[in-house]
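Structural features, examined
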Amino acid sequence: MEIKSSELILNPDGSIYHLNLKPENIAKDIIFVGDQDRVDRISDHFDTIEFKTQKREFKTHTGTYKGKRLSVISTGIGPDNIDIVINEIDALFNIDFTTRSIKETLTSVNIVRIGTSGSLQKDIPVNSFVLSKAGLGLDNLMRSYVIDQVEEKQILEAFLKHTTWDLKKGTPYFISNSSSLQQKLESEQTHLGITATAGGFYGPQGRVLRLALQDPLLNSKIDNFNFNSQRITNFEMETSAIYGLCKLLGHHAVSLNTIIANRADGTFSQDPYKAVDQLIKYTLDRLAK
């Protein structure tokens, strides 16, 4: 069945609308970053760069690192941008742009997020790495899709009860990472935990400037949540959307974050740029193995 031009939007040169990419421009191993400037900081480590493009906040460099072909893409901030980026990446691999039809043989890709985050636990200090075993979606994005087969329902029920969650805010969701990618990227340098993904930076993450919060105790409830020895380790704004969309589309995803702030003890990294660079090098070397 042909996909309508209003649904699969292509630029005049045949590239996908937001990412400005053609299928030949992107590798099967992809690194996500939020910040456009971080794309260059990663590709500076590449041995070769074959392609560069940018449209709006979506910047892509494709090249090789120690013989491994990689693409690095900036997504901007938030789950709404992740919805754009992952759907368009999937289209680049699994939709024939000429016939506008889904390919008979589907391709699975690997996506690794390199991000920054705030720790919710005192024993996960600034400058350390967190590998997200699962994403807790507080953002509602995945509720637009059919996720019954990929969400973790038992932990969700426990979370709703523990936090006395107000369903007027929507129903959260838990989705796990790719176990095969976790094995590739996990080491004694990484802390494992659940990453909470919020739809905003201030109120949705419990920050107060001038506006009152719907539940001022929510962060402390999240800090104390424990399900079968799993706890929520950090807050950010992309992981659960990445995990959910990748699980539905048959891709592999893992989110890695450098902890630049510890919300539990009020500390902030004295050199967050160095901490991020250390995670970049760690991730590149692990992917190139």
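Notes on the structure follow. (Residues numbered from 1 in each chain as written. Predicted model: local features only at pLDDT ≥ 70, side-chain atom pairs only at ≥ 80, totals over all residues. Heavy atoms only, no water.)

Here we take up helix α1 (residues 36-43). For α1, every residue scored as buried is listed here: R38, V39, I42 and S43. For α1, the buried positions fall inside an angular range of 135° around the axis, keeping them on one side. Its side-chain oxygen 3.0 Å from the backbone nitrogen of D37, D35 forms the N-cap of α1. (Buried < 20%, exposed > 50% of the residue type's maximum accessible area, 1.4 Å probe, protein only. Helix = DSSP H or I, 4+ residues; strand = E, 2+ residues; numbered from the N terminus. Arc of directions from axis to C-beta. Polar contact = N/O pair within 3.5 Å; in protein donor to acceptor, adjacent residues only side chain to side chain.)

Across the nine residues of strand β8 (residues 129-137), eight count as buried, placing the element largely inside the fold. Sheet analysis places β8 next to strand β10 (residues 190-197), joined by eight bridges and oriented parallel. Each residue of the ladder has a partner; that of S132, found in β10, is G193. With four bridges joining them, β8 and strand β9 (residues 173-176) adopt antiparallel strand pairing. Its bridge partner lying in β9, A134 is registered against S176. (Pairing = 2+ DSSP bridges.)

A few words now on helix α7 (residues 272-288). Since the α-helix packs 3.6 residues into each turn, any two residues three or four apart lie on the same face. Spanning 17 residues, α7 covers 25 Å between terminal C-alpha atoms, matching the ideal 24 Å at 1.5 Å per step. Among the residues of α7, P272, A275, V276, L279, I280, Y282, T283, L284, R286 and L287 are the ones counted as buried. (Expected span 1.5 Å × (residues − 1).)

Moving on, we get to the packing of helix α2 (residues 79-94) against helix α6 (residues 239-249). Between α2 and α6, whose axes approach to 9 Å, the crossing angle comes to 25°. Looking at the two axes, α2 sits roughly parallel to α6. Regarding α2 and α6, the two cross each other, and that crossing is right-handed. For the pair formed by α2 and α6, the contact residues are P79, I82, D83, I86, N87 and D90 on the first element and A241, I242, L245, C246 and L249 on the second. Within the contact of α2 with α6, the residues separate by chemical class into eight nonpolar, one polar and two charged. (Axes fitted to C-alpha atoms, helices over the stretch in contact; angles between N-to-C directions. Parallel < 35°, antiparallel > 145°, perpendicular 65-115°, else oblique. Left-handed = near helix turned anticlockwise from the far one by under 90°. Contact = heavy atoms within 4.5 Å. Nonpolar A, V, L, I, M, F, W, Y, C, P; charged D, E, K, R; others polar.)

Relative to the assigned elements, T267 resides in strand β14 (residues 267-268). Judged by its relative accessible area of 34%, T267 is partly exposed. Between the C-alpha atom of T267 and that of K122, which follows or precedes it by 145 residues, the distance is 9.9 Å. Leave out the neighbours within four places in its chain, and T267 touches V126, I260, A261 and N262. Of the polar contacts made by the side chain of T267, one reaches the side chain of D265; its length is 2.6 Å.

Membership of the largest hydrophobic core comes to 54 residues, with the highest contact counts inside it found for F32, I42, I89 and I242. Here this core takes seven residues from α2, the largest share from any one element. Discounting chain neighbours no more than four positions away, the residues touching F32 are I73, T75, I82, V85, I86, I89, I111, V112, R113, I114 and I242. Of all hydrophobic cores here, the second largest spans 18 residues; its members include L156, I222, F227 and I232. (Core = buried A, V, L, I, M, F, W, Y, C linked by side-chain atoms within 4.5 Å.)

Under the defined criterion, the tally for this structure stands at six aromatic pairs. A centroid spacing of 5.6 Å and a plane angle of 55° characterise the contact between F129 and Y282, whose relative ring orientation is tilted. In this pair, F129 sits in strand β8 while Y282 sits in helix α7, placing the two residues 153 residues apart along the sequence. Pair check on accessibility: F129 and Y282 agree, each one buried. Considering the side-chain rings of F174 and F225, the 6.4 Å spacing of their centres and the 35° angle between planes classify their relative orientation as tilted. One end of the pair, F174, is in strand β9; the other, F225, is in the loop between α5 (218-223) and β11 (226-227), and 51 residues separate them in sequence. For the pair F174 and F225, one class covers both residues: buried. Chaining the aromatic ring pairs together yields one cluster made of F159, W165, F174 and F225. Positioned above the aromatic ring of W165, the side-chain terminus of K169 is 4.0 Å from the ring centre. (Phe/Tyr/Trp six-rings, centres within 6.5 Å; stacked < 30°, edge-to-face > 60°. Lys NZ or Arg CZ within 6 Å of the ring centre and 35° of its normal.)

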